[in-house]
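Structural overview
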Amino acid sequence: LRKAMHNTFRYGQGTRDLSGPEGFTTEDFIKKVAWRLERYLIQGEDESAPVLGEPDRAFRRNYGVDVDAVKDMFEQYDTDGNGAIDIEEF
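Residues numbered from 1 in each chain as written. Predicted model: local features only at pLDDT ≥ 70, side-chain atom pairs only at ≥ 80, totals over all residues. Heavy atoms only, no water.

On to the overall build of the protein chain. Check the secondary structure of the protein chain and you find 4 helices and 0 strands. When the helices and strands of the protein chain are listed from N to C terminus, the series reads α-α-α-α. Expressed as a percentage of the 90 residues in the protein chain, the buried residues total 18%. Total accessible area on the protein chain is roughly 7200 Å²; 55% of this is exposed by carbon and sulfur atoms. (Helix = DSSP H or I, 4+ residues; strand = E, 2+ residues; numbered from the N terminus. Buried < 20%, exposed > 50% of the residue type's maximum accessible area, 1.4 Å probe, protein only. Areas by Shrake-Rupley, 256 points an atom, 1.4 Å probe, with all protein chains shown as cover.)

Encoded structure:
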């Protein structure tokens, strides 16, 4: 079951909350996992997951984020410019 769920997500067939607007509804996701699990159990297929690149930033949950404003705010608190905000800077 774990492998069937994992590969369903890896093939870009996850739920809308994780895969964006083209993702499956929860019901459709469950049907797809059941279909894949049946294949694994009955036919004994061992499917390798595809190699995926970086996810498209357009599928973030927070669509209205002003990336430049966030970067400016981050740089304001990252006073030593090391790309992290440590406890002293916070």
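On we go from here.
Turning our attention to the packing of aromatic side chains. Using the criterion set out here, one finds 1 aromatic pair in the structure. Each ring, one from Phe9 and one from Phe29, has its centre 4.8 Å from the other, and the planes form 45°; the classification is tilted. Separated by 20 residues along the polypeptide, Phe9 in helix H1 (residues 2-10) and Phe29 in helix H3 (residues 26-43) bring together distant segments of the chain. By relative accessible area, Phe9 is classed as partly exposed at 31%. Here Lys3 stacks its cationic end above the ring of Tyr40, 5.6 Å away from the centre of that ring. (Phe/Tyr/Trp six-rings, centres within 6.5 Å; stacked < 30°, edge-to-face > 60°. Lys NZ or Arg CZ within 6 Å of the ring centre and 35° of its normal.)

Let's shift gears to the environment of Asp86. Take Asp86: it is sitting in the segment after helix H4 (67-77). A polar contact of 3.0 Å, which involves the side chain of Asp86, links it to the backbone nitrogen of Glu89. (Polar contact = N/O pair within 3.5 Å; in protein donor to acceptor, adjacent residues only side chain to side chain.)

What follows covers a negative patch on the surface. On the surface, a cluster of negative charge is made up of Asp66, Asp68, Asp72 and Glu75. Along the chain, Glu75 turns up in helix H4. Owing to a relative accessible area of 53%, Glu75 belongs among the exposed residues under this scheme. (Patch = residues over 30% accessible without salt bridge, like charges linked within 9 Å, V, L, I, M, F, W, Y side chains within 5 Å. Salt bridge = Lys/Arg side-chain N within 4 Å of Asp/Glu carboxyl O. Lys, Arg positive; Asp, Glu negative; His and termini not counted. Charge placed at Lys NZ, Arg CZ, Asp CG, Glu CD.)

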